[in-house]
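Secondary and tertiary structure notes
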Amino acid sequence: MTAMTSTGLAATAPATDHPQQWPVYDGQAVARATDLIRAGRTFDYRHGPEIAEIEQLFSDHLDGRHVLAVNSGTSALLAAYYVLGLGPGDEVLVPSLTFLATASPLFVLGATPVLCDSGSANGNVTVASLAERITSRTRAIAVTHLFGHPCPMAEIAQLARERSLALIEDCSHAHGSTIDGVPVGTFGDLAVFSIGGLKLVSGGMGGVLACRDTRHYDLACLLSSFRQRSNLTVHDPALRRLADVGLGGNLRISPVAAVLASSHMRRLDALVRAKHHNATALVTALSTHPGIEGLGVAAGHTMGGWYDIVLRVDPLRAGFDRDDLVAALKRHGVRAGVPQTAPLHRTSVFTGARPPTWHAYSPATLRRCFTYAPEDLPVSARLHDEWISLPATYFNEPQEDLLGAYRRAAERALSDLAATR
Ligand SMILES: Cc1ncc(COP(=O)(O)O)c(C=O)c1O
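As a convention, each chain's residues are numbered from 1 in the sequence order in which they are written. In keeping with the predicted nature of the model, local features appear solely for residues at pLDDT of at least 70, side-chain atom pairs appear and are counted solely at 80 or more, and the whole-chain, interface and lining totals rest on all residues. Side-chain calculation: all heavy atoms of the structure are included, whereas hydrogens and water are not.

The chain appears in an unreviewed UniProt entry as DegT/DnrJ/EryC1/StrS aminotransferase from Micromonospora maris. UniProt positions are given in the numbering used here, feature names are shortened, and annotations may be inferred rather than shown by experiment. Checking UniProt for the chain, the heading Cofactor (unreviewed entry) contains the comment "pyridoxal 5'-phosphate". Here the chain is described in UniProt, under the heading Sequence similarities (unreviewed entry), as follows: "Belongs to the DegT/DnrJ/EryC1 family."

**Some details on the packing of helix α11 (residues 268-286) against helix α16 (residues 400-419)**
Packing of α11 against α16 brings their axes to within 9 Å, and their N-to-C directions diverge by 15°. In terms of orientation, α11 and α16 fall into the roughly parallel class. Judged by the twist between their axes, the crossing of α11 over α16 is right-handed. Seen from α11, the contacting residues are H277, N278, A281, L282, A285 and L286; seen from α16, they are E400, L403, Y406, R407, A410 and L414. As a working rule, the residues Ala, Val, Leu, Ile, Met, Phe, Trp, Tyr, Cys and Pro are called nonpolar, Asp, Glu, Lys and Arg charged, and the rest polar, with Gly in that last group. Residues belonging to the contact of α11 with α16 are distributed by class as follows: 8 nonpolar, 2 polar and 2 charged. The axes are straight lines fitted to the C-alpha atoms, using for helices just the contacting stretch, and the angles between their N-to-C directions are given from 0 to 180°. Going along the chain from the N terminus, every DSSP run of H or I of four or more residues is numbered as a helix, and every run of E of two or more is numbered as a strand. By the definition adopted for this analysis, an angle is roughly parallel if under 35 degrees, roughly antiparallel if over 145, roughly perpendicular if from 65 to 115, and oblique otherwise. For a crossing to be left-handed, the near helix must be turned anticlockwise from the far one by less than a right angle; the clockwise case is right-handed. Note on definitions: a residue-residue contact is assigned when non-hydrogen atoms from the two residues lie within 4.5 Å.

**So, the UniProt feature "active site" (unreviewed entry) in the chain**
Under the feature "active site" (unreviewed entry), the UniProt entry names K199. For K199, the location among the structural elements is in the loop between β8 (190-194) and β9 (207-211). If we ignore the near neighbours within four places in the chain, the residues touching K199 are W22, S172, H175, S194 and Y307.

**A word on the packing of helix α1 (residues 27-38) against helix α10 (residues 255-266)**
At a minimum axis distance of 9 Å, the contact between α1 and α10 shows a crossing angle of 170°. Considered as vectors, α1 and α10 are oriented roughly antiparallel to each other. Across the interface between the two elements, A29, R32, A33, L36 and I37 from α1 touch P255, V256, V259, L260 and S263 from α10. Counted by class, the contact of α1 with α10 contains 8 nonpolar, 1 polar and 1 charged residues.

**Quick notes on the nonpolar core**
Take the buried residues of types Ala, Val, Leu, Ile, Met, Phe, Trp, Tyr and Cys, join any two whose side-chain atoms come within 4.5 Å, and each joined set is a nonpolar core. Burial classes: relative accessible area under 20% of the type maximum marks a residue as buried, over 50% as exposed, and values in between as partly exposed (1.4 Å probe, protein chains only). Judged by nonpolar contacts, the single largest core of 64 residues is most densely connected at Y81, L130, I141, L209 and F350. Among the elements that line this core, the one with the most residues is helix α3 (residues 73-83), at 7 residues. Built from parts of two domains, this core gets at least three residues from each of domain 1 (27-266) and domain 2 (268-419). If sequence neighbours within four positions are ignored, L130 has contacts with L93, C116, V125, I141, V143, I156 and L159. By size, the runner-up hydrophobic cluster in this structure holds 32 residues, among which are A279, I292, L325 and A392. Reported domain spans reflect what an automatic or database domain assignment gives.

**Examining the sheet that holds strand β2 (residues 91-95)**
Note on pairing: DSSP must find at least two bridges between two strands before they are called paired. Pairing in this open sheet of 7 strands is mixed, and the strands run β1-β9-β8-β5-β4-β2-β3 from one edge to the other. Of all strands in the sheet, those bounded by a partner on one side alone are β1 (66-70) and β3 (112-116). Strand-to-strand twist of the sheet, defined as the mean angle between neighbouring strand axes without regard to direction, takes the value 20°. Examined bridge by bridge, β2 and strand β4 (residues 138-144) share 3 bridges and lie parallel to one another. Bridge pairing links E91 to T138 in β4.

**Let's talk about the sheet that holds strand β12 (residues 309-313)**
Strands sit in the order β10-β12-β13 across an open sheet of 3 strands; the sheet is antiparallel. Looking at strand neighbours, the two that pair on one side only are β10 (292-294) and β13 (387-390), the edges of this open sheet. The average undirected angle you get between the axes of adjacent strands in this sheet is 35°. Two strands pair when backbone bridges link them, and β10 and β12 are joined in this way by 3 bridges, in the antiparallel orientation. Directly across from E293, in β12, lies its bridge partner R312. Packing against the sheet, helix α13 (residues 322-331) makes contact with β10, β12 and β13, and its axis sits at approximately 25° to β13.

**Observations concerning the pairing of β8**
Within β8, 5 of the 5 residues are buried, leaving the element largely enclosed by the surrounding structure. Residues L190, V192 and S194 line one face of β8 and the alternating positions A191 and F193 line the opposite face, and both faces are buried. The pairing of strand β5 (residues 166-170) with β8 spans 3 bridges and is parallel. Note on β8: the bridge partner recorded for I168 is L190. Two elements, β8 and β9, share 5 bridges in a ladder whose sense is antiparallel. Note that in β9 the partner of L190 across the bridge is C211.

**Thoughts on the site of the ligand**
Neighbouring residues are identified by heavy atoms, a residue being near a molecule or strand if any of them is within 4 Å of it. Among the 15 residues in the neighbourhood of the ligand, the closest are listed as G73, T74, D170, H173 and S194. Polar contact is the term for a pair of N or O atoms within 3.5 Å; when the atoms are in protein, one must be able to donate a hydrogen and the other to accept it, and sequence-neighboring residues count only if both atoms are side-chain atoms. G73 has a polar backbone atom sitting 2.8 Å from an oxygen atom of the ligand. Contact between the ligand and K199: an oxygen atom at 2.9 Å from a side-chain N or O atom of the residue. Summarising the interface, the protein chains cover 88% of the accessible area of the ligand, which totals 390 Å² for the free molecule. Accessible surface area values rest on a Shrake-Rupley calculation with a 1.4 Å probe, where residue burial reflects the displayed protein chains alone.

As structure tokens, this is what we get:
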């Protein structure tokens, strides 16, 4: 008979016995959310304690930045681009390797995302890969700390200063990642965190915008919440006068989402520690094989969110390719796959699809910025073709049983592959 462990998983259980995946909420979070639902407090037009709490937690984490909680990371990115006044004719440098929402809110404003190649083995953009795409129309740089790997922010911030460009950090994969002890989200003019879906800090649906500049905060607040909230929290009296109508959006977060996200944010350090332990153990277990390696963490950088646990397979050295490894791991119960964050320059609107509502873009812009071939931006494309992803959302908390099962499954998968060479 197999012995049962404290989590109820059998010690020799196949790796297919997975616990509930993230987001997981503790009893106190569930009780707070339930109380709000029972009281009918599922929305907040003012600036109640639950909204103030998640904003304060992020502001404390981000060196006192102004923080606005909204209903998604996508809404936070829309607000960031909106407050910069971006519109038709303006270009924003965006990584090709990011989730689509780093770029897609620009479509709504008629501004143009200019996709940039990866400059680093972890998939991130670098000064060189950004600088080669700057034109006289470039107004801003948006970077994504991909899978939790911080971008080289000192250099990128210097480039932004030298070229008078606004700098936006998309930290949706990187809650708690740091550079020389300083959290990501504090290096740019504006920072965005998704706090929805499978993110390390998740209220189900939610996002956070953090700004250095009070005016940016005020404009974002007016875009997000007309009337009460803007009357309460917009600083500039001239802008506050606009609260009666607002600026055309309703991006408000629910207090239920806010308390759920706050429960994760309060234990961010412990979550990051557990995730780092688990992710490092998984990367180490697989990278014993030649040709398989983790993406590495640069000196002075730490990983926070670990949104995805990604390894690279070099087919020449490994003797098999990424797809062979994914298939072998799956046969042994590991939920391996290919990172969902895939090069944007291979998606519909960047390869010639023309939405009927796109009146803002000239034929020349459509040709130059929305017509990529698969072989363009070759580093991003090659990296993604060689990456496998392990299901990070099971590993946000201590998970020794599943970790052990995954290690054993990895050994078996690798020995199967060796036997077929
Ligand atoms: C890098 C990145 N940015 C933005 C978003 C958008 O966040 P949301 O899903 O909360 O709109 C995501 C979501 O996965 C993301 O991964």
